Amino acid sequence: MTKNAQRLSQLISTFGPGAMIDLPTRSVVVSGLEFWDMPPTSFTTISEPRLTARLEQILKDQGRLDPSSSLSLRTPPIAPDNPTALPAGVTAPIFPTWFVCELADVLTVGSGTVRRRRLVRWQDLDTRGRRRFIFDDGRKSDVTPIRFVSACEKGHLQDIDWRWVVHGPVQCQEPLWVEEKGTSADPADTSIVCGCGKNLSLQDAFQPGRLGKCQGERPWLLDRDPDGCGDNLKLLTRTATNTYFPQVYTVISLPSAVDDLTRLVGELAGELTNVASAQDVATAKKFNNKVSASLGTYNDDEIFERLERLRAGAQADASRSPKMSEFEVFASGHQQIGQNHPTAKLYAETLPRTAWVDPSVSVDTSAIKNLVAVHRLREVSSLYGFTRFEAAPTSSDGDIEDIQLAVRGAPISRGADWLPAIEQFGEGLFVHIDEQAVNRWLQAPDVLNRQASLLRGYGHWRTRFSGGAPNYPGTAYTLLHSLSHALMAEIALDSGYPASSLKERIYALSDASNGGAPVRCGILIYTATPGAQGTLGGLVAAGSRFSSILRSALDRLMICSNDPVCSDHEPDGRSGDRATHGAACHGCLLIAETSCEMRNLFLDRSLLVPTMAGHRSNFFA
């Protein structure tokens with residue numbers, strides 16, 4: 001991999017369109033989909049009808065996709081293995097266009113020193129490579145992009161007009177300098193100084209309106225928002241974590257009892273996106289070698305009939321929560337789920353109770369109905385937007401909530417009829433929890449008292465939302481979420497997988513749209529990697545040791561290294577994300593945010609086991 005290359009998964013997560021990337025000599029912003037080099041041989045069309053139908057509906061509702069268009073999912077462009085072939089890639093415009101010289105003048109001011117470095121524009125740099133600035137006296141200095149840019153709550157991004165910020169409407173062409181005191185890089189110790197004597201402390205730049213109004217600039221799309229903007233710009237540190245939060249929709253592929261033709265059509269559904277008749281099928285066979293090789297011997301009318309059937313099923317399923325469909329498959333109780341075939345999207349086995357319950361381990365497993373070993377699964381994730389400053393909220397049922405933060409999602413294209421996506425393959429364990437046991441536990445007086453405290457914390461947390469806040473996921477969700485984190489940490493020690501490679505999907509689903517008693521309770525812990533059919537089998541093998549893993553996980557939660565501070569934590573009256581936590585911290589329940597589906601929100605180990613705080617709200621004895 002070259003120094004300017006990114007992994008496919010990074011282009012739909014950390015470094016998608018609109019994200020800034022540091023390169024060795026400059027910073028760039030990843031361009032929108034229209035500027036991706038996508039020749040037919042550089043990408044693969046991904047078939048996942050449930051995901052495609054749901055995203056198509058979302059984009060059309062938001063006005064980002066033409067109502068007459070059909071959406072498809074494609075992998076990001078892949079560089080060819082042939083070194084002589086023209087490379088496929090993603091355009092990345094230079095951003096920001098203000099640079100700071102590395103050559104510094106040290107000045108003595110009072111009893112201290114100040115480092116002064118020249119602030120220059122892109123067009124001021126040496127035309128040979130644009131890597132150096134030449135001073136009037138002939139000195140040359142390498143440059144680095146300035147650390148600060150400006151953005152608004154709608155995701156717009158632009159350079160700070162430093163001359164206007166320092167001088168206001170007064171025109172001045174004297175050179176600008178960055179002056180730094182001390183070694184902390186604190187904004188109060190950094191100033192922008194003009195040769196005329198005017199200056200601005202970066203601490204003052206955080207004041208509302210100090211950077212001016214947003215012009216709606218979208219450098220990743222090389223345009224301005226046609227709807228305009230006018231919001232106050234905010235100072236943004238270019239390398240900070242709050243510059244980019246991807247909006248990614250993920251589903252687990254489900255099996256279906258189909259014949260060979262339906263299976264082949266399903267695999268090629270992405271290639272047949274624009275097929276609207278049997279005649280179009282014939283055309284696709286003629287001009288698409290992949291379609292011709294797989295479907296050439298089948299009748300065009302039969303192919304189109306299977307395609308229409310798949311589309312109808314996907315449209316019907318698009319109105320449901322993706323987790324609802326997944327749970328019904330995993331919790332079906334069938335001995336075998338899917339087919340044990342190398343090309344199968346999902347293959348799992350419901351383990352007999354004798355295979356995972358160890359009588360020699362003293363742990364109560366009566367609340368666990370079934371354990372499912374998922375030998376092979378396929379996860380498909382697609383990027384459809386992003387936010388800045390704050391991440392968009394996540395719904396507990398896996399769907400997209402129509403919620404407005406103080407920020408809004410920004411588009412990744414001007415109207416492309418495709419979205420970037422990746423498919424990952426792996427394995428996992430599904431734990432089906434007895435819904436009746438959970439509902440009986442929820443009625444206990446001590447649990448109701450703890451739930452009241454969690455609800456008060458949720459009430460404080462929801463004040464950060466300018467519109468309607470996400471629904472409370474439910475105390476049952478907090479219970480299962482906490483159990484999932486405990487199991488993930490223990491499975492990582494038992495199976496050898498790094499904890500950051502494990503992922504979770506929590507199923508605490510009710511029939512009511514605004515919560516209610518859960519009627520489907522389960523946990524899927526899995527690992528998935530791109531470009532590999534299955535993994536090493538460590539998670540599936542852990543199924544036979546599940547009793548020991550559960551016992552060890554619960555034992556670890558009874559005492560935290562941060563007790564009694566952790567166990568005594570009350571969510572009510574807190575601010576920020578801590579208002580959603582009970583007894584939970586980095587010493588016990590918090591895990592890598594890439595592994596957690598809820599960004600480490602809604603956790604409380606006192607719902608699982610007794611703690612020294614004595615809440616007596618524990619689900620397990």
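Positions within a chain are numbered from 1, following the residues in the order the chain's sequence is written. Two thresholds apply to this predicted model, a pLDDT of at least 70 for residue-level local features and 80 or more for giving and counting side-chain atom pairs, whereas whole-chain, interface and lining totals are computed over all residues. Only hydrogens and water are removed before side-chain values are computed, so all heavy atoms of the structure are retained for them.

**Comments concerning the overall build of the chain**
1) Next: What counts as a helix is a DSSP run of H or I of at least four residues, what counts as a strand is a run of E of at least two, and both are numbered from the N terminus. Along the chain, the regular secondary structure elements total 13 helices and 23 strands.
2) Next: Note on definitions: a residue-residue contact is assigned when non-hydrogen atoms from the two residues lie within 4.5 Å. For the chain, contacts bridging at least 24 residues in sequence account for 69% of all contacts bridging at least 6.
3) Next: Taken as a whole, the chain presents about 28,000 Å² of accessible surface, with 49% of it coming from carbon and sulfur. Here, Shrake-Rupley sampling with a 1.4 Å probe gives the accessible areas, and only protein chains in the shown set may cover a residue.

**Some thoughts on helix H7 (residues 322-330)**
1) Next: Of all 9 residues making up H7, 8 are buried, and the element is well covered by its neighbours.
2) Next: Here's how the labels work: a residue is buried when its accessible area is under 20% of the maximum for its type, exposed when over 50%, partly exposed in between, all with a 1.4 Å probe on protein chains only. Buried within H7 we find Pro-322, Lys-323, Met-324, Ser-325, Glu-326, Phe-327, Val-329 and Phe-330.

**Considerations on the pattern of salt bridges**
1) Next: Salt bridges, as used here, are contacts in which a Lys or Arg side-chain nitrogen is within 4 Å of a carboxyl oxygen on Asp or Glu. For the structure shown, the criterion picks out 27 salt bridges.
2) Next: Here Glu-56 makes a salt bridge to Lys-60, at a shortest N to O gap of 3.1 Å. You can see Glu-56 and its partner Lys-60 sitting in helix H1 (residues 49-61), 4 residues apart, about one turn around the helix.
3) Next: The exposure class assigned to Lys-60 is partly exposed, which follows from its relative accessible area of 27%.
4) Next: Measuring nitrogen to oxygen at the nearest pair gives 3.2 Å for the salt bridge that ties Glu-179 to Arg-116. One end of the pair, Glu-179, is in strand E11 (residues 176-181); the other, Arg-116, is in strand E6 (residues 112-121), with 63 residues separating them in the sequence.
5) Next: The class for Glu-179 is buried, based on a relative accessible area of 18%.
6) Next: Salt bridges sharing common partners tie together Glu-48, Arg-378 and Glu-423.

**Points about the environment of Leu-119**
1) Next: Among the structural elements, Leu-119 can be located in strand E6.
2) Next: Counting along the chain gives 59 residues from Leu-119 to Val-178, while the straight-line C-alpha distance between them is 6.3 Å.
3) Next: Beyond its immediate chain neighbours, meaning those up to four positions away, Leu-119 contacts Trp-98, Phe-99, Val-100, Ile-146, Trp-162, Leu-176, Trp-177, Val-178 and Ile-192.

**Some words on the packing of aromatic side chains**
1) Next: Geometry of aromatic contacts follows a simple scheme: Phe, Tyr and Trp rings, the Trp one being its six-membered ring, pair when their centres are within 6.5 Å, and the pair is stacked under 30 degrees between planes, edge-to-face over 60, tilted otherwise. Per the stated rule, a full pass over the model turns up 16 aromatic pairs.
2) Next: Seen from their ring centres, Trp-356 and Phe-546 are 5.9 Å apart, and the 80° between their planes marks the pair as edge-to-face. Here the residue Trp-356 occupies a position in helix H8 (residues 353-356), and Phe-546 occupies one in helix H13 (residues 546-558), the gap between them amounting to 190 residues.
3) Next: A residue is classified by how much of its surface remains accessible, and Trp-356, at 1% relative accessible area, is buried.
4) Next: Between Tyr-472 and Phe-602, the aromatic rings sit 6.1 Å apart at their centres with planes inclined by 70°, giving edge-to-face as the arrangement. In this pair, Tyr-472 sits in the loop between helix H10 (445-461) and helix H11 (475-495) while Phe-602 sits in the segment after H13, placing the two residues 130 residues apart along the sequence.

**A closer look at the nonpolar core**
Taken as a class, soluble globular proteins show a tendency for nonpolar side chains to be buried jointly.
1) Next: Counting residues in each nonpolar core, the largest one holds 66 residues, and the members touching the most others are Ile-433, Val-438, Leu-483, Leu-487, Phe-546, Leu-550 and Phe-619.
2) Next: Broken down by element, this core gets its largest block of residues, 10 residues, from H11.
3) Next: Those residues in contact with Val-438 that lie beyond four places of it in its chain are Ile-433, Ala-476, Leu-479, Pro-518, Cys-521 and Phe-619.
4) Next: Ranked by size, the runner-up nonpolar core spans 42 residues in total, among them Trp-36, Phe-95, Leu-157 and Phe-386. Grouping buried Ala, Val, Leu, Ile, Met, Phe, Trp, Tyr and Cys residues that are joined through side-chain atoms within 4.5 Å yields what is termed a nonpolar core.

**With respect to the packing of H11 against H13**
1) Next: It is the contact of H11 with H13, at a shortest axis distance of 9 Å, that shows an interaxial angle of 115°. Like other packed secondary-structure pairs, H11 and H13 cross with a definite hand, here right-handed. Between H11, through Leu-483, Ala-486, Leu-487, Glu-490, Ile-491, Leu-493 and Asp-494, and H13, the contact on the second element is made entirely by Phe-546, Ile-549, Leu-550, Ser-552, Ala-553, Arg-556 and Leu-557.
2) Next: In this count, Pro and Cys sit with the nonpolar residues alongside Ala, Val, Leu, Ile, Met, Phe, Trp and Tyr, while Asp, Glu, Lys and Arg are called charged and the others, Gly among them, polar. Split by residue class, the contact of H11 with H13 holds 10 nonpolar, 1 polar and 3 charged. Only the contacting stretch of a helix is used when fitting its axis, a line to C-alpha atoms as for every element, and angles between N-to-C directions run 0 to 180 degrees. Rotating anticlockwise by less than a right angle from the far helix to the near helix defines a left-handed crossing, while the corresponding clockwise rotation defines a right-handed one.

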